Amino acid sequence: MKLEELAIGKSAVILSVGGEGALRQHFLDMGLIQGTEVTMVKYAPMGDPMEIKIHDYELTLRKEDAHKIEIKEITKKQKIKMIHSFFNIKITLAMVNLVIIK
C-alpha cells in the first residue's frame, strides 16, 4: 500500500522509502524512515497535497511524493500493542538503571 492511499485518521508503519538521490535523502531528512509510524491528518480539497503526522509534527507531502512511500496500515489493536511494548521496554530500562546505580 502506498502512503497516498491511507485514509484520514488511519495510521501506518513505513515499510520502504523510494525515490532516488537527493529526493530520497530529503524524505529521510524529513523523518520518513522505515519502521516509523505515520497518521493521515487530511487531504487538500483537490486531494493534493496531503498532511501526515509523523514524530509529533505535521508534514505536508505532494501526492506524487507520497506514492514513493510504501506503508502497512496498522489497526488500533496493533497500535495499542506497540505502545504497550514501548512502555515495557522503558520500564525495563529504568529498572536496569536502578540496579546499575546501586
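Scroll up to find the structure this text is about.
Quick caveat: nothing in here was measured; it's all calculated off a predicted structure. (Residues numbered from 1 in each chain as written. Predicted model: local features only at pLDDT ≥ 70, side-chain atom pairs only at ≥ 80, totals over all residues. Heavy atoms only, no water.)

### Some points on the sheet that holds strand β5 (residues 69-74)
Next up, step 1: With antiparallel pairing, five strands are arranged side by side in an open sheet as β4-β3-β2-β1-β5. This sheet does not close on itself; its edge strands, each paired only once, are β4 (57-61) and β5. Strand-to-strand, the axes of this sheet are offset by a mean angle of 40°, without reference to chain direction.
Next up, step 2: In the sheet, strand β3 (residues 50-54) pairs with β4 via five bridges, with the strands oriented antiparallel. Its bridge partner being in β4, Glu51 is matched across the sheet by Thr60. (Pairing = 2+ DSSP bridges. Helix = DSSP H or I, 4+ residues; strand = E, 2+ residues; numbered from the N terminus. Axes fitted to C-alpha atoms, helices over the stretch in contact; angles between N-to-C directions.)

### Quick notes on unusual backbone geometry
Next up, step 1: Here Asp48 and Pro49 are connected by a cis peptide whose omega angle stands at 5°.
Next up, step 2: In this fold, Pro49 is placed in the loop between β2 (37-43) and β3.
Next up, step 3: Here the phi dihedral of Asp56 falls at roughly 65°; this positive angle occurs in a residue that is not glycine.
Next up, step 4: Note on placement: Asp56 falls in the loop between β3 and β4.

### Some thoughts on the pattern of salt bridges
Next up, step 1: This model, assessed by the stated rule, comprises three salt bridges.
Next up, step 2: The salt bridge partner of Glu70 is Lys2, with a shortest N-O separation of 3.1 Å. Taken together, the residues Glu70 in strand β5 and Lys2 in the segment before β1 (11-17) connect sequence positions 68 residues apart.
Next up, step 3: With a relative accessible area of 22%, Glu70 lands in the partly exposed category.
Next up, step 4: With a shortest N-O distance of 4.0 Å, Glu51 and Lys42 are connected by a salt bridge.
Next up, step 5: For Lys42, a relative accessible area of 46% translates into the label partly exposed. (Salt bridge = Lys/Arg side-chain N within 4 Å of Asp/Glu carboxyl O. Buried < 20%, exposed > 50% of the residue type's maximum accessible area, 1.4 Å probe, protein only.)

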